[in-house]
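Okay, here's what each chain looks like letter by letter:
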Amino acid sequence: MKFDWTQGALAEGLRLYQEGKFFAAHETWESVWLKSQQPEKTLLQGLIQVTAAFHHLQRNNPLGTALLLKAALTRLERYPAHFGGISVDVLCDDIREWLQALDAGTPALHLSSARICVDLSS
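To keep things clear, this report deals only with the structure shown in the data block. No experiment lies behind these values; they were computed from the predicted model shown.

### Details of helix α1 (residues 8-18)
Three- or four-residue spacings in an α-helix give side chains the same orientation, since the helix completes a turn every 3.6 residues. Taken together, the buried positions of α1 are occupied by L10, A11, G13, L14, L16 and Y17. Buried residues along α1 sit against α2 (22-33) and α3 (40-58).

### So, the pattern of salt bridges
For the structure shown, the criterion picks out 6 salt bridges. Taking the shortest distance from any N to any O, the salt bridge between E12 and R15 comes out at 2.5 Å. Here E12 pairs with R15, and both are found in helix α1, just 3 residues apart, close to one helical turn. The salt bridge partner of R15 is E19, with a shortest N-O separation of 2.8 Å. Look at E19 and you get partly exposed, because its relative accessible area is 42%. Among the charged side chains, a network of salt bridges with common partners joins E12, R15, E19 and K21.

Definitions and cut-offs
Just so you know, the residues in each chain are numbered from 1, in the order the chain's sequence is written. With pLDDT at 70 or above as the cut-off, local features in this predicted model cover only qualifying residues; side-chain atom pairs require 80 or more to be listed or tallied, and sums for whole chains, interfaces and linings still use all residues. Remark: hydrogens and water are excluded; side-chain values derive from all non-hydrogen atoms of the structure. Categorising residues by exposure relies on relative accessible area from a 1.4 Å probe, with only protein chains included: less than 20% of the type maximum marks a residue as buried, more than 50% marks it as exposed, and the intermediate range marks it as partly exposed. The numbering of helices and of strands both runs from the N terminus, where a helix is a DSSP run of H or I of at least 4 residues and a strand a run of E of at least 2. Only heavy atoms enter the contact rule, under which two residues are in contact if any of them lie within 4.5 Å. Here, a salt bridge means any Lys or Arg side-chain nitrogen found within 4 Å of an Asp or Glu carboxyl oxygen.

Next up, the structure:
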């Protein structure tokens with residue numbers, strides 16, 4: 001399966017994620033995830049867990065945020081630096097930074113949500 005991040009549910013979910021509408025992004029990507037096959041399915045599951053984590057953060061649930069980010073990182077670390085049009089290494093680095101901030105109990109207000117960077121040339 002080749003991901004097309006320029007249209008359809010993947011593009012819509014990315015737009016929603018970037019706007020901070022994490023629950024809606026989760027729901028949108030889930031529709032693609034349900035129809036996908038491996039290895040793309042696990043990548044999408046990791047992305048969905050990232051969206052769910054930031055939804056938990058919006059609801060002031062840092063424990064839920066950390067648990068979901070850890071689960072997402074476990075899935076995403078299996079992939080090469082770039083996979084499915086996503087800069088997986090950038091995303092994993094951001095997740096690790098968030099986990100450090102959450103673990104330290106420090107406000108992570110200086111951090112934006114983990115970056116899901118799409119390479120449209122691939």
